[in-house]
Amino acid sequence: MCTAATYCTKDFYFGRNLDLEYSYRESVTVTPRNFPFRFRYAGECRTHFALIGMAYVAENYPLYYDATNEKGLSMAGLAFWDSAYYAPEQDNGAKQAASYEFIPWVLGQCENLVQAREMLAGLRVTNAAFRPELPPSPLHWMIADRSGAIVVEATKDGVKIYDNPAGVLTNEPPFDWQMTNLRNYLTLTPGIPKSTFAENLPLTPYSKGMGALGLPGDLSSQSRFVRAAFVRANSVSGDSEAESVSQLFHILRAVEQQRGCCRLDGGACELTLYTGCCNADRGVYYYTTYDNSRITAVDMHRAELDGSVPVSYPLLTGPQIYRQN
């Protein structure tokens, strides 16, 4: 299970939690402009926008979980187990992209959300695998820049594109259901609630924070969607880089998973393996891991962006504790 969210102060930020029971040894990876992406249907793309994000690098090919390009467009794939449907490949000239290459296919060629929408028109997302031992993961995607966000879902009814005014995404059910479900919480407020119980019964709050009474706190995807949407919509921070980055990490920590609270068959525990946050305007990717809550930053502009070889930065996963004397 996963959660993604946008946040905007002076700069635009895009972040996500990756919730899983195991790691693929992912790393923060910068793909320079001249790395030859060999798209399954569109052929080789020798020149494209540079990307930074979290990826599993297989056979020198970055399989991105989430990424931002040098123009400020961001994208993340989140689990969509029941509803995702990838179409069989066609050889009739249809516009197609395999799910494993979808993020670089979009971010490598689109400067902004307007161009992404145009590129997605008539698209088929196919069931082709990167290699047999890495079958396609059932996903849906959030794409965003400072102008807004959309959600892309490939289902049996085709590829659907939704405007995303909430600026968050989790997993099942489909996005339109999640937005309808938000109406169940329209009375929540970050302020002090006023009693509407009965005119002749004067009730007053006995605690701060009672305006959010009823905000779900469990780990289900629909509850995380509501909680992330509420926390994001009501978050307040300064415009500085430190304050903005800190606030987005706080938003995502509101829906993080602790080891032991979500147990799978066989005893494995799903947990938040990492939280990533990218300043999309500056190309700086920040992250924490489950055991290392210290924020680490990777600046894409310190890599050779005109190069042809991806650069990966292994995650710092061990605890880093500052001991004050």
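In the block above lies the structure referred to throughout.
Residues numbered from 1 in each chain as written. Predicted model: local features only at pLDDT ≥ 70, side-chain atom pairs only at ≥ 80, totals over all residues. Heavy atoms only, no water.

### Observations concerning the packing of aromatic side chains
Two numbers describe a pair of aromatic rings. These are the distance of the centres and the angle of the planes. The full count for this structure, using the stated rule, is 14 aromatic pairs. Plain terms: the ring middles of F175 and F225 are 6.0 Å apart, the flat faces sit at 70 degrees to each other, and that makes the pair edge-to-face. In this pair, F175 is assigned in helix α3 (residues 175-181) and F225 in helix α4 (residues 221-234), connecting sequence segments 50 residues apart. Each member of the pair F175 and F225 is classed as buried. Members of the aromatic cluster, connected to one another through ring pairs, are F35, F37, F39, Y61, Y100 and F130. (Phe/Tyr/Trp six-rings, centres within 6.5 Å; stacked < 30°, edge-to-face > 60°. Helix = DSSP H or I, 4+ residues; strand = E, 2+ residues; numbered from the N terminus. Buried < 20%, exposed > 50% of the residue type's maximum accessible area, 1.4 Å probe, protein only.)

### So, the environment of D91
Relative to the assigned elements, D91 resides in the loop between β8 (74-79) and β9 (96-98). Take D91: its relative accessible area is 78%, and that puts it in the exposed class. For D91 and S237, which are 146 residues apart along the polypeptide, the C-alpha to C-alpha distance reads 51 Å.

### Details of the pairing of strand β13 (residues 158-163)
Here strand β12 (residues 148-155) pairs with β13 via six bridges, running antiparallel. Its bridge partner being in β13, V151 is matched across the sheet by Y162. Taken together, β12 and the strand that follows it, β13, pair antiparallel across an intervening segment of two residues. (Pairing = 2+ DSSP bridges.)

### Re the nonpolar core
Of all hydrophobic cores here, the largest spans 88 residues; its most connected members are F102, W105, V106, L120 and I143. Not counting chain neighbours up to four residues away, the residues in contact with V106 comprise L73, M75, A116, L120 and I143. (Core = buried A, V, L, I, M, F, W, Y, C linked by side-chain atoms within 4.5 Å. Contact = heavy atoms within 4.5 Å.)

### Structural notes on a nonpolar patch on the surface
Side chains of F197, L201 and L203 sit close together on the surface and give an oily, nonpolar patch of about 310 Å² of accessible area. With respect to the helices and strands, F197 occurs in the loop between α3 and α4. (Patch = residues over 30% accessible without salt bridge, like charges linked within 9 Å, V, L, I, M, F, W, Y side chains within 5 Å. Areas by Shrake-Rupley, 256 points an atom, 1.4 Å probe, with all protein chains shown as cover. Salt bridge = Lys/Arg side-chain N within 4 Å of Asp/Glu carboxyl O.)

### Some remarks on the sheet that holds strand β3 (residues 27-31)
Pairing is antiparallel across the open sheet formed by eight strands, whose spatial order is β13-β12-β11-β8-β7-β6-β3-β18. For this open sheet the edge positions go to β13 and β18 (311-314), each flanked by a neighbour on one side alone. The mean inter-strand angle of the sheet, taken between neighbouring strand axes irrespective of direction, is 30 degrees. In terms of strand pairing, β3 meets β18 through four bridges, oriented antiparallel. Looking at the pairing, V28 lines up with Y313 of β18. Contacts between helix α2 (residues 113-120) and the sheet are confined to β11 (139-145), β12 and β13, with β12 contributing the most and set at about 20 degrees to the helix. (Axes fitted to C-alpha atoms, helices over the stretch in contact; angles between N-to-C directions.)

Keep in mind these values describe shape, not function.
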